[in-house]
Amino acid sequence: MLIGLDVGGTHTDAVLVDSQTGQCVAAVKARTYPDDVLPGILEALRAVLQGGDSRRARRLCVSSTLGLNALLTGKVDSVGMLVVPGPGMNPRLFWDADPLFHVLAGSQDHRGRIVAPCDETAVTRILRNLRAEGVRAIGIVSKFSPKNAALEQRLAAFARKVFEPDAPVILGSKVSGSLNFPRRMHTVWCNAALARVSRSFAASLTAAAAELGLSCPVTVLKADAGVFSADHASRDPASAMGSGPAASLLGVWALRPPSSDGVSPASRPSSPDTPGSDTLMIDMGGTTTDLALLAGGFPLLARKGLHIAGRPTAIRSLWTRSIALGGDSSLRFVDGQPCIGPDRSGPALALRAPDEQPADRPPTLTDALNVLGLTVLGNPKLSLEAMHALAALAGSPAGDPLVLSELFVAKALHTVRQHVETLLEEVNAQPVYTIRELLVSGALRPRQAAFIGGPAQALAVKAAKALGMPVFAPEKSACANAVGAALALPTLTAELYADTLLGRMSIPDFGVEKDIGREYHLPDAERDMQTAFAGFRARDPSFVEQFSPCTDEHGCGEHSIQTVYAESFAMLDDERRRGRILRLRAQLAAGLIRTAF
Amino acid sequence: MTIAEKTTPGTPKSVRTLGLVFFPAYDWAITPDHPEREERLLYTQDQLREEGLFDIAGISEHRPDMGLMRDVSRVHFCPPGFDAVVETPHLASAGSAVSAGRLVAGGRTQKAFALTRPPGHHAMKVVQGGRGFCAVNIEAIMIERLRREYGIRRVAIVDTDCHHGDGTQDIYWHDPHTLFISLHQDGRTLYPGTGFSTELGGPGARGATINVPLPPQTGDEGFLYVMKHLVRPILDHWRPDLVINSAGQDNHFTDPITDMRLSARGYARMVELLNPDIAVLEGGYSIQGALPYVNLAVILALAGMDYSHVIEPLWHEELARTAPKSMDYIGELCEKTWRLYEHTHTAPHDYTKSGYFWTRERSVYYDTDGIREHQREEVRDCSDCPGLLVIQSTVDYRTWSVCLHLPLEACPTCRAEAEERRRQAIGKKQPVEYSDRDQDVYERS
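Residues numbered from 1 in each chain as written. Chains lettered and ligands numbered in written order. Predicted model: local features only at pLDDT ≥ 70, side-chain atom pairs only at ≥ 80, totals over all residues. Heavy atoms only, no water.

1. Re the overall build of chain B
Then, in step 1: Along chain B, the regular secondary structure elements total 11 helices and 16 strands.
Then, in step 2: Whereas a compact globule of 445 residues would reach a radius of gyration of roughly 22 Å, chain B reaches 22 Å, a difference of no more than 12%.
Then, in step 3: Dimensions of chain B, computed from the C-alpha atoms along their principal axes, are close to 75 × 55 × 40 Å.
Then, in step 4: Looking at the 445 residues of chain B, the share that counts as buried comes to 65%.
Then, in step 5: Here the analysis covers contacts within chain B between residues at least 6 apart in sequence; of these, 72% occur between residues at least 24 apart.
Then, in step 6: As displayed, chain B offers around 15,700 Å² of accessible surface, 50% of which is attributable to carbon and sulfur atoms.
Then, in step 7: In chain B, 47 side chains carry a positive charge and 62 a negative one; their mean positions are 5 Å apart. (Helix = DSSP H or I, 4+ residues; strand = E, 2+ residues; numbered from the N terminus. Rg over C-alpha atoms; globule rule 2.2 N^0.38 Å. Buried < 20%, exposed > 50% of the residue type's maximum accessible area, 1.4 Å probe, protein only. Contact = heavy atoms within 4.5 Å. Areas by Shrake-Rupley, 256 points an atom, 1.4 Å probe, with all protein chains shown as cover. Lys, Arg positive; Asp, Glu negative; His and termini not counted. Charge placed at Lys NZ, Arg CZ, Asp CG, Glu CD.)

2. Looking at empty space enclosed by the protein
Rolling a probe over the atoms, with the probe sized like a water molecule, indicates the empty space that remains.
All names here are of chain A.
Then, in step 1: A full pass over the atoms with the stated rule returns 5 cavities of 30 Å³ or more.
Then, in step 2: Estimates place the volume of the largest cavity at around 130 Å³.
Then, in step 3: Looking at the largest cavity, it is lined by 13 residues, and the ones nearest its centre are L66, F201, V220, A233 and A240.
Then, in step 4: Sorting the residues of the lining of the largest cavity by element identifies α2 (66-73), α6 (181-211) and α7 (230-235) as the ones contributing at least two each.
Then, in step 5: Its volume calculated, the second largest cavity comes out at about 110 Å³.
Then, in step 6: Every residue lining the second largest cavity is listed: R111, K147, Y497, A498, D499, L502, R504, M505, S506, I581, L582 and R583.
Then, in step 7: At the level of secondary structure, the elements contributing two or more residues to the lining of the second largest cavity comprise β23 (492-499), β24 (504-507) and β27 (578-588). (1 Å grid on protein atoms, 1.4 Å probe; cavity = no way out; pocket = protein on both sides within 12 Å on 5 of 7 lines; lining within 4 Å. Points joined across faces, edges and corners; volume = space filled by probe spheres on them.)

3. What to know about helix α5 (residues 138-150) of chain B
In an α-helix, one turn spans 3.6 residues; hence positions three or four apart end up facing the same way.
Residues and elements named next belong to chain B.
Then, in step 1: If you check α5, its first and last C-alpha atoms are 18 Å apart, about what 13 residues at 1.5 Å a residue would give, namely 18 Å.
Then, in step 2: Here α5 lies mainly inside the structure; 10 of its 13 residues are buried.
Then, in step 3: Three or more residues of α5 are buried, namely I138, E139, A140, I141, M142, I143, E144, R145, L146 and R147.
Then, in step 4: Within two residues after α5, G151 carries a phi angle of roughly 65 degrees, on the positive side. (Expected span 1.5 Å × (residues − 1).)

4. So, the domain arrangement of chain B
Residue and element names in this part refer to chain B.
Then, in step 1: The assigned domain composition of chain B is domain 1 (13-342) and domain 2 (352-444).
Then, in step 2: The C-alpha-based centres of domain 1 and domain 2 are spaced at 28 Å.
Then, in step 3: Taken together, the contact between domain 1 and domain 2 spans 29 residues of the former and 34 residues of the latter.
Then, in step 4: Considering only the side of domain 1, the residues that lose the most area to domain 2 are F77, Q128 and H174, jointly responsible for 25% of the buried surface there.
Then, in step 5: R437 is the partner of E144 in a salt bridge, and the nearest nitrogen-oxygen pair spans 2.7 Å.
Then, in step 6: Counting the contacts that link domain 1 with domain 2 gives 17 residue pairs in polar contact (both at pLDDT 80 or more).
Then, in step 7: The leading source of residues in the side of domain 1 that touches domain 2 is α5, at 3 residues. (Domains from an automatic or database assignment. Buried area = accessible area lost by both parts, 1.4 Å probe. Salt bridge = Lys/Arg side-chain N within 4 Å of Asp/Glu carboxyl O. Polar contact = N/O pair within 3.5 Å; in protein donor to acceptor, adjacent residues only side chain to side chain.)

5. Side note on unusual backbone geometry
Residues and elements named next belong to chain B.
Then, in step 1: The omega torsion of the bond from R117 to P118 falls at 0 degrees, within 30 degrees of zero and hence cis.
Then, in step 2: For the bond running from Y191 to P192, omega is 0 degrees, close enough to zero to count as cis.
Then, in step 3: If you trace the backbone, P192 turns up in the loop between β6 (178-185) and β7 (209-214).
Then, in step 4: A positive phi is found at N275, a non-glycine position, where the angle reads about 50 degrees.
Then, in step 5: With respect to the helices, strands and loops of the structure, N275 is situated in the loop between α8 (264-274) and β9 (278-281).
Then, in step 6: Judged by relative accessible area, N275 falls into the partly exposed class, the value being 39%.

6. Brief notes about the pattern of salt bridges
Residues and elements named next belong to chain B.
Then, in step 1: Counted by the stated rule, this structure contains 58 salt bridges over all chains.
Then, in step 2: Here R117 makes a salt bridge to E36, at a shortest N to O gap of 2.7 Å. Here the residue R117 occupies a position in the loop between β4 (111-116) and α5, and E36 occupies one in the loop between β2 (13-23) and α1 (42-51), the gap between them amounting to 81 residues.
Then, in step 3: Taken together, the shared-partner salt bridges in this structure form one network comprising R70, D71, R74, R102, E144, R145, R147, R148, E149, D175, R437 and D440.

7. Points about the domain arrangement of chain A
Quite often, the size of an interface is put as the accessible area lost when its parts meet.
Then, in step 1: Partitioning chain A into domains gives domain 1 (2-73 + 203-244), domain 2 (79-167), domain 3 (274-288 + 324-473) and domain 4 (486-588).
Then, in step 2: For domain 1 of chain A versus domain 3 of chain A, the separation of C-alpha centres amounts to 31 Å.

Pasting the structure below:
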């Protein structure tokens, strides 16, 4: 039995998924309390476990808005930031005016070498002042720290001397191995600000699970559609922010029926050249429609990272596109042109309360679907009335409510199509850096779409026509996101940097650093990477229960370590000594737990 | 993706929009130890990524399109055949420049910078082989494509590579609609040994080529003086529709194969004064000490952003200094060059007149391939157009080809003359390379 929990804005959903069949055997909805997500989680957990045997649970996974809520409501610690930019751009360009943000002298170069150390007296003075000002968490980021964390570690030692032992001290090299100094600054800040909140959340969650008789690992869903242990999440809470779209994508993925792509055989793509053919994911809610992609059997990740609460971060997340269009979007005419949204005019007029004046607000997309008989929601007569009123206002030849509804629905789908095209353009415009890639790189073109959300089933046929591809809309599942969380596999990503002339190798994501000899080549780097992954897997509780990924024809591939890129550059330094620079990225990609379905 | 967007400015915005085409050709080198090797733009890329440059609103990275042989043949004659000289990396690099140029010409960005390799400014009109790390002229290929596609007419190229841009000079030698200005280390002290003040353009385009040979060890002050007191006034007077910067980063004080003293911030200030629409990377071989910083500073200058914090680790005030004696020399050089630019009606001393044609003979050395070429060049003295250009190219005492170039806006007389020359050459069984820019027709026979 797998337990999935999804904390949304209004509801907290909990599901039990049979790990043999992949079927959702129990689903409950509890309310989400605005100030604290924990009570809702406990309520939902208790309810869903009723009648079930909690000892049979193999894993609990939570997708929550905890971190984001805390950030947006300002219920986080103030963070003293120490940054060492060295030569380059002014780091304050990437930061609001902030008295706790300190730019230190000192620098590391692009190979990670420490060119100038930090002034230690100044550092201690700044730290003491921060402490005096009531700062409870410290973030430390040096430019090029993924290549050499020594400078950051030295600063951290000072911070630990000045602050109490449990004060969070977060290092840039720990939060991301990717090169992007401003994004590391923001990620460090998020992790430092959220450290205490998430520690207490993890502790309460684990305690609550124990109280309910759950002895299984407790995990948290990340924005990259993978899970990590609650303990890990308490150290890296930023990665769990923005897991909503990930849960949704996993939900649709899990809901796709076996052995078919959900469309009749005749309309299936005739030559699926890859087992997990590329799929467009559409999730249409009340206010927004979110697009995501499955490419080559894996969720497509954004090139850079999550943008959250105004901060560009290094948090790995799905490549999504959000459209201000949903079932509750208002319909009106602007300069004689039909216009949908971007504002939400509230629930469909079909659901209008008897005492509400009819002309108060425009009809919604759902009303148009009601008029067309594609949905039967509330009182369709009210929808018809509202469309009549709109037609009269427009005074156009499209005065017939039916014609008008068709017009708006077509317009909505056209908008979705335009955004799909923009998304694919962005995805396919990825720069390339080698002649080989310039000659061969192929474009991603999904040949099918999965469509969920309120209006999905009503729109599926029309969407297929508008998008020019088969569209599968699974049976309405109220708790798809929770199912997605229940079935998610762990993910891991790591970068390796090696410089044989400096005799140094580092895998910042795992905190691995070691000395290497002149004869260190790509196979050595790949081996070190495998070892580091294995070490992490052995230690991290989210891997304790060994789940295998589903490998059916449309599922993901092996859940093994994939090398994303492995590059080796011959180098010749200024003294004409020969060496090599190696860069490697490896990952365990997102996937679904294999079930017998 | 964006969640709960607030107005907190975590992302800075550039003053001008800038498109970058970064193509480091990580799988290509001339030879493993050659300055033009895989590693060359590696540290630049690391620096740009680590800076978070591509998160700045207004700065975007673009994928290059592969260059087309048609784009190459618009610019060059290649008697051995393009297949023998032009390799995929050259096309990729030219394609990167073209992609950058199209961003600006097509109105997608206000500025563009092609950070690409291999470079191209030593590639001349006739290409018998590789010269000075270059095979085809990536700026010229870009310019002629933009002229064809967007109808741009007056183009100025300012070459700030430490080496004289002899290839670009040669391609536009007879073109009065293209202004070429080269700032470089004096040819008496550095490859390719040309680029003296008296090289002012062909008989029909005198003053459209300007050379500023600077003394060795010229630093920020010297370069900025030339930019302010010579280049800027010439550009303001000449009024180009488009300004291209052949951005060689080898004037840096750490460059291993040159002897100049420009700093990263000096480069940025120079770019700021020049205000080019499009920059194309040329040389620069201090790949660790200079390129990451110079390229970053130039990018920030193009985007109109603050570059004052881009201070290279090895920088020291003394290292970027121009000697007072050099400053005097540079002042005089600028005055002399301005006079030459203003008084361009003097007869070209390096040509002799025979009939309607100005002629000269010269020899070109292709250092990459060790080829010595002899050229006899004739250009028609025409009052209606820039004039038919005829180049007879000889390698190893064998006439390879008669190259006939009809420039844009060619007059009917030159056109008829070209046909006549072509017929004659075919009659003598000589190979002919024929290029007609107006019709965009390029043929070999």
